[in-house]
Amino acid sequence: MSRTPQCDSRKFQSGNTGIDRATGAPVIFDPSSYFGHNEADLAIGRMFGGIPESFYTTYHEHLPKSEPREQYGLRQDLYQLYHYLNHTVMFGGAYAGSVRQKMDRLLKEVPDK
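Report on the accompanying structure. Keep in mind that what you see is a predicted model, and the values were worked out from it rather than measured.

## Observations concerning helix α1 (residues 38-48)
In step 1: Among the 11 residues in α1, 9 count as buried, and that is most of the element.
In step 2: For α1, the full list of buried residues reads Asn-38, Glu-39, Ala-40, Asp-41, Leu-42, Ala-43, Ile-44, Gly-45 and Met-47.

Structural data, given as structure tokens:
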């Protein structure tokens, strides 16, 4: 897979988005932006919710899922795993079940070579 890094948010949630009143352009508020894979931001949006499915459908009309497309869900799990691990350390064991779920799925689906 070859993808040019782009500015990502790590905080892509409904509370961190808005519309510029002067231009109508979408805005993301995030002091911890970084360059990475665009699907990482999408994984965070799905993790914390608040963003309608229609957004993702329209998004992928403009920037299709990376190849291999059939592994999009696995990549989402991988990108979410980092944040679930981080939240487990910061906020306690309530997130540990999600960590285990993501790890189990990834270990089951990714071939052992």
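## Digging into the pattern of salt bridges
In step 1: Applying the stated rule across the entire model yields 5 salt bridges.
In step 2: The salt bridge involving Arg-69 is made with Glu-67; its shortest N-O contact spans 3.4 Å.
In step 3: Residues Asp-77 and Lys-102 are paired through a salt bridge, measuring 2.8 Å at the closest nitrogen-oxygen approach. Of this pair, Asp-77 sits in helix α3 (residues 72-91) while Lys-102 sits in helix α4 (residues 96-109), and the two are 25 residues apart along the sequence.
In step 4: Residue classification places Asp-77 among the buried residues on the basis of a relative accessible area of 7%.
In step 5: Via salt bridges that share partners, Asp-77, Lys-102 and Arg-105 belong to a single interconnected network.

## Things to note about the side chain of His-87
In step 1: In this fold, His-87 is placed in helix α3.
In step 2: The class of His-87 is buried, set by a relative accessible area of 12%.

## A few points about the nonpolar core
In step 1: Core analysis: the biggest nonpolar cluster contains 7 residues, these being Ile-44, Met-47, Leu-74, Leu-81, Tyr-84, Val-99 and Leu-106.
In step 2: Counting residues per element, the ones that place at least two in this core are α1, α3 and α4.
In step 3: Among the elements that line this core, the one with the most residues is α3, at 3 residues.
In step 4: If sequence neighbours within four positions are ignored, Leu-106 has contacts with Leu-74, Asp-77, Leu-78 and Leu-81.
In step 5: Within the second largest apolar cluster, 5 residues are counted, among which are Leu-42, Tyr-56, Tyr-59 and Tyr-72.

## Things to note about the packing of aromatic side chains
In step 1: In this structure the tally under the stated criterion is 4 aromatic pairs.
In step 2: Ring centres 5.4 Å apart and planes at 85° place the aromatic pair Phe-55 and Tyr-56 in the edge-to-face group.
In step 3: Judged by relative accessible area, which is 30%, Phe-55 ranks as partly exposed.
In step 4: Note on Tyr-56: relative accessible area 2%, which makes it buried.
In step 5: Measuring from centroid to centroid gives 5.9 Å for Phe-55 and Tyr-59, while their planes differ by 35°, and the two rings are tilted. Highlighted residues: Phe-55 and Tyr-59, both in helix α2 (residues 53-62), separated by 4 residues, approximately one helical turn.
In step 6: Put simply, the rings of Phe-55, Tyr-56 and Tyr-59 pair up and form one aromatic cluster.
In step 7: Positioned above the aromatic ring of Tyr-56, the side-chain terminus of Arg-46 is 3.9 Å from the ring centre.
In step 8: The lysine or arginine in question, Lys-65, covers the ring of Tyr-72, its NZ or CZ lying 4.5 Å from the ring centre.

The rules we used
Residues numbered from 1 in each chain as written. Predicted model: local features only at pLDDT ≥ 70, side-chain atom pairs only at ≥ 80, totals over all residues. Heavy atoms only, no water. Buried < 20%, exposed > 50% of the residue type's maximum accessible area, 1.4 Å probe, protein only. Helix = DSSP H or I, 4+ residues; strand = E, 2+ residues; numbered from the N terminus. Salt bridge = Lys/Arg side-chain N within 4 Å of Asp/Glu carboxyl O. Core = buried A, V, L, I, M, F, W, Y, C linked by side-chain atoms within 4.5 Å. Contact = heavy atoms within 4.5 Å. Phe/Tyr/Trp six-rings, centres within 6.5 Å; stacked < 30°, edge-to-face > 60°. Lys NZ or Arg CZ within 6 Å of the ring centre and 35° of its normal.

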